[in-house]
Amino acid sequence: MSIIMFDVDYFKKVNDTFGHKAGDTILKQVVKLAKKHMRRSDIIGRYGGEEFIICLPDAFMQEAIVIAEAIRREIERTHVDVDGKEIKVTTSFGVASAAANDQKNSKLIASLMDEADMALYTAKNNGRNCVRSFEDPVVIH
């Protein structure tokens, strides 16, 4: 199982500059773009504010990284049209993974969420618009 956490970079600035209607439109577009790269078994949800979480059952780390990077690239190259204004947004991603027979199985999802969140903060603190995994803090572009 793998978990991807991601959020929209500088989202507060988008809301402050273009308004909350634009922010809502951007969030809807981000989810729509993310779903294009997800498998049927994957589940996406809003985790809070501009942050999202994707649960990828039966996905190893490398597969989750490939999916996260595909979503990141798709969002980066797509401009969102709000009232005739094209708004470019980027996103940052954290990825964590564990085997089904992992010894921490009883706390697997909570642990993976914490690890993905830590990887996301690493991505945010080191340039944004990138994918970071919990196991390997090297920027993946």
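The numbers attached to residues start from 1 for each chain and follow its sequence in the written order. For a predicted model such as this one, the threshold for reporting local features is a pLDDT of at least 70, and the threshold for listing and counting side-chain atom pairs is 80 or more; totals across whole chains, interfaces and linings nevertheless cover every residue. Hydrogens and waters are ignored; side-chain quantities use all the structure's heavy atoms.

Colleague: Mind laying out the nonpolar core, listing which residues take part and the relevant values?
Modeller: Here, the term nonpolar core denotes a set of buried Ala, Val, Leu, Ile, Met, Phe, Trp, Tyr and Cys residues that are joined through side-chain atoms within 4.5 Å. For each residue, the accessible area found with a 1.4 Å probe, counting protein chains only, is set against the maximum for its type, and the residue is called buried under 20%, exposed over 50%, and partly exposed in between. Ranked by internal contacts, the top residues of the largest apolar core, which has 31 residues, are Ile4, Phe6, Ile26 and Val95. Secondary structure elements are defined from DSSP: runs of H or I of at least 4 residues count as helices, runs of E of at least 2 residues count as strands, and each element is numbered from the N terminus. Mapped by element, the contributors of at least two residues to this core are strand S1 (2-8), helix H1 (11-18), helix H2 (20-35), strand S3 (51-56), helix H3 (61-77), strand S4 (79-82) and strand S6 (91-97). Note on contacts: a residue pair is in contact if any heavy atoms of the two residues lie within 4.5 Å. Setting aside residues no more than four positions away along its own chain, isoleucine 26 makes contact with Phe11, Val14, Val80, Ile87 and Val89.

Colleague: Explain H3 to me, using residue names and the numbers behind them.
Modeller: Given a rise of 1.5 Å per residue, 17 residues ought to cover 24 Å, and the 24 Å separating the end C-alpha atoms of H3 matches this to within 8%. Looking at the packing, one finds that the buried side of H3 touches S1, H2, S3, S6 and strand S7 (131-133). To estimate the expected span of a helix, subtract one from its residue number and multiply by 1.5 Å.

Colleague: Please give an account of the packing of H1 against H2 that cites residues and values.
Modeller: Note on definitions: angles span 0 to 180 degrees between N-to-C directions of axes, and those axes are lines fitted to C-alpha atoms, for helices only across the stretch in contact. Contact pair H1 / H2: the axes reach a minimum separation of 6 Å and the direction vectors enclose 135°. It follows from the interaxial angle that H1 and H2 lie oblique. Note on element contacts: H2 touches H1 through His20, Ala22, Gly23, Ile26 and Leu27, opposite Phe11, Val14, Asn15 and Phe18. Working definition: roughly parallel below 35 degrees, roughly antiparallel above 145 degrees, roughly perpendicular at 65 to 115 degrees, and oblique for all remaining angles.

Colleague: Please provide a residue-by-residue account of the sheet that holds S6, values included.
Modeller: Note on pairing: DSSP must find at least two bridges between two strands before they are called paired. Pairing within the open sheet is mixed, and its five strands lie in the order S2-S3-S1-S6-S7. Sheet topology places strand S2 (43-48) and S7 at the edges, where each strand pairs with a single neighbour. Each adjacent strand pair in this sheet contributes to an overall mean axis angle of 20°, direction not counted. In the sheet, S6 pairs with S7 via three bridges, with the strands oriented parallel.

Colleague: Lay out the pairing of S6 in plain terms, naming residues and giving numbers.
Modeller: Counting buried residues in S6 gives seven out of seven residues, a clear majority hidden from the surface. The side-chain alternation of S6 yields two buried faces, one formed by Thr91, Phe93, Val95 and Ser97 and the other by Ser92, Gly94 and Ala96. Of the strand pairs in this sheet, S1 and S6 are connected by seven bridges, and their pairing is antiparallel. Residue pairing across strands places isoleucine 4 opposite valine 95, the latter belonging to S6.

Colleague: Give me the lowdown on H2, citing residues and values where you can.
Modeller: Here H2 contains 16 residues, and its C-alpha end-to-end distance of 23 Å stays within 8% of the 22 Å for a straight helix at 1.5 Å per residue. Within H2 the residues assigned to the buried category are Ala22, Gly23, Ile26, Leu27, Val30, Val31, Leu33 and Ala34.

Colleague: So what's going on with the environment of glutamate 115? Which residues, and what values?
Modeller: On the secondary structure map, glutamate 115 appears in helix H4 (residues 108-125). In this structure the C-alpha to C-alpha distance between glutamate 115 and methionine 5, which are 110 residues apart in sequence, comes to 9.5 Å.

Colleague: Go over the pattern of salt bridges, please, and point to the residues and values.
Modeller: Within this document, salt bridges are pairs made up of a side-chain nitrogen of Lys or Arg and a carboxyl oxygen of Asp or Glu, the two lying within 4 Å of each other. Under the defined criterion, the tally for this structure stands at 11 salt bridges. The residue aspartate 9 makes a salt bridge to lysine 124 at a minimum N-O spacing of 2.9 Å. One end of the pair, aspartate 9, is in the loop between S1 and H1; the other, lysine 124, is in helix H4, and 115 residues separate them in sequence. The same class applies to aspartate 9 and to lysine 124, which are both buried. Glutamate 74 is paired through a salt bridge with lysine 36; the nearest N and O atoms lie 2.7 Å apart.

It is worth stressing that arrangement in space is one thing and function is another; only the former is reported here.
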